[in-house]
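Coordinates in review
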Amino acid sequence: MEALLYEKLEDQKVRCALCSHRCVIAAGQRGICNVRENRGGVLHTLVYGRLIAQHIDPIEKKPLYHFLPGSHSYSIATVGCNFRCRFCQNADIAQLPTDHGGAILGETVSPEAVVAAARQAGCRSISYTYTEPTVFFEFGLATAKLAHAHGIRNVFVTNGYMTPEALELISPVLDAANVDLKAFTRKYYKDLCGAKLEHVQQSLRNMRSMGVFVEVTTLVVPGLNDDPEELKSLAAFLVNDLGPDTPWHISRFHPTYRLTDRPPTPVKTLREAREIGLAAGLKYVYTGNVPGDTGENTFCPACGEVLIERRGFQVQKLRLKEGRCVKCGETIEGVWE
Ligand code: SF4
């Protein structure tokens, strides 16, 4: 299928404008994501409707903690990614085309079938997740439009590397996003992900200004992005550029894929990072991948009352009334209905 968002150049080359790599692709070649191919001067997406994963997940698993808590999200993915993170948690599908000679695998599914399955399962949203939704943008957009027509919300779980043009197209039907802000140094993004930090920062600002509800996740990797000064800078960016109401998830690293030379993140480091976020002025900071930790809960920033009690991906108590603290009436940022 012909791709959206590209321009034709001389000698049958094309320039893709879907993500901030903006690949210039010669005829017969693919872009960095390995799922967009130039066929005779026309850019094609190779993953339209080729789903490698379809699951029903708690929305807390995305993670989104301030978006329809306790609801289920119909979660889909194709193969492919525009990043090369050495610690990729889903490399078997995200890096499949790159690691296996360009292979594109997946069941053929229509947007209508995805929306029907989501409705049948009682899901309140569809999540475009597991791999990078930007690289299956055309299918995501078609599905998201149909989902909205049926009263189902849409969620991107993303590295935030889409272009402003792509965001303009998807934002009218994109209700929420969990965006990875993987670190706060250019070196980390370049060396570990093959990308540029500033494009992710700009996407975060753009999402906010386009009315997409945003939560941010940072995977804290021992020795690579756990310097307290770096975490302070990252938290200050969130406060200043996105606002103190932005939920921040600090997630625990486990050795995997091409980053196996270091241990899981100590729980102490995660708790210290949470304190850094709170001290910077963020109202909602969560520790992730540590079931049972107090940092999984939502506390009222005004009176300290526990408003949402969680364990793992389960909501155990919900004590909000019309988006407000039941005790003091403080408004809590989020999409609650
Ligand atoms: S989506 Fe990104 S990585 Fe893929 S071809 Fe387009 S610009 Fe390149």
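Each remark here, short or long, concerns the structure printed above.
Here the structure is a predicted model, which is why all the values come from computation and not from measurement. Counting from 1, residues in each chain are numbered in the order their sequence is written. Given that the model is predicted, a residue must reach a pLDDT of at least 70 before its local features are reported, and side-chain atom pairs must reach 80 or more before they are shown or counted; all residues, however, enter totals for whole chains, interfaces and linings. Each side-chain value is derived from all of the structure's non-hydrogen atoms; neither hydrogens nor water enter the calculation.

Another point: the pairing of strand E17 (residues 306–311). By the bridge criterion, 2 bridges tie strand E16 (residues 298–299) to E17 in an arrangement that is antiparallel. Looking at the pairing, Thr298 lines up with Ile308 of E17. Two strands are said to pair when DSSP picks up at least two bridges between them. Numbering goes from the N terminus for both helices and strands, where a helix is a DSSP run of H or I of at least four residues and a strand is a run of E of at least two. Between E16 and the antiparallel strand that follows it, E17, lie 6 residues; Gly304 among them carries a positive phi value of about 85°. The turn linking E17 back onto strand E18 (residues 314–318) is made up of 2 residues, and Gly312 within it adopts a positive phi angle of 60°.

Only protein atoms enter the calculation, which uses a 1 Å grid: trapped sets of points that fit a 1.4 Å probe without letting it out are cavities, open sets showing protein on both sides within 12 Å along at least five of seven lines are pockets, and any residue with an atom within 4 Å of a point is a lining residue. Grid points are joined across faces, edges and corners, and a volume is the space filled by probe spheres set on the points. Per the stated rule, a full pass over the model turns up 1 cavity of 30 Å³ or more. Its volume calculated, the largest cavity comes out at about 110 Å³. Along the walls of the largest cavity sit 14 residues, with Cys16, Cys19, Cys23, Cys33 and Arg36 positioned nearest its centre. The class makeup of the residues in the lining of the largest cavity is 8 nonpolar, 4 polar and 2 charged. Residue polarity is assigned by list, with Asp, Glu, Lys and Arg as charged and Ala, Val, Leu, Ile, Met, Phe, Trp, Tyr, Cys and Pro as nonpolar; anything else, Gly included, falls into the polar class.

Turning our eyes to something else, we now look at unusual backbone geometry. The omega angle of the peptide bond from Lys62 to Pro63 is -5°, so this bond is cis rather than trans. Take Pro63: it is sitting in the loop between strand E7 (53–58) and strand E8 (72–77). In this structure, Glu322 takes a positive phi of about 50° despite not being glycine. Looking at where Glu322 falls in the secondary structure, it is placed in the loop between strand E19 (320–321) and strand E20 (324–325). Summary of the burial criterion: residues with accessible area below 20% of their type's maximum are buried, those above 50% are exposed, and those between are partly exposed, where the area comes from a 1.4 Å probe applied to protein chains only. Looking at Glu322, the relative accessible area reads 77%, which means it is exposed.

Here we take up the site of the ligand. Taken together, the neighbourhood of the ligand is formed by Cys16, Leu18, Cys19, His21, Arg22, Cys23, Ile25, Gly31, Ile32, Cys33, Arg36 and Asn82. Each molecule is assigned to a cavity or pocket provided more than half of its atoms lie within 2 Å of the corresponding grid points. When atoms are counted within 2 Å of each cavity's grid points, the one that captures over half of the ligand is the largest cavity. Residue composition of the shell around the ligand, by class: 7 nonpolar, 3 polar and 2 charged. Here a residue is considered near a molecule or strand provided that any single heavy atom belonging to it is located within 4 Å of it.

Note on soluble globular proteins: their nonpolar side chains tend to be buried together. Definition used in this section: a nonpolar core is a set of buried Ala, Val, Leu, Ile, Met, Phe, Trp, Tyr and Cys residues joined via side-chain atoms within 4.5 Å. Residues Leu181 and Trp248 are the most contacted members of the largest nonpolar core, which totals 88 residues. The biggest single contributor to this core is helix H8 (residues 228–242), with 7 residues. Contacts are assigned to residue pairs with any non-hydrogen atoms lying within 4.5 Å of each other. Those residues in contact with Trp248 that lie beyond four places of it in its chain are Val216, Thr218, Leu231, Leu234, Ala235, Leu238, Ala273, Gly277, Leu282, Tyr284, Val285 and Tyr286. Ranked by size, the runner-up nonpolar core spans 10 residues in total, among them Leu320, Cys325, Ile332 and Trp336.

Looking at the element boundaries, Glu37 is found in strand E4 (residues 36–39). In this structure Glu37 comes out as buried when scored by relative accessible area, which is 15%. Setting aside residues up to four positions removed in sequence, Glu37 forms contacts with Gln29, Arg30, Val42, Leu43, His44 and Leu46.

Geometric descriptors of this kind do not, in isolation, establish any biological role.
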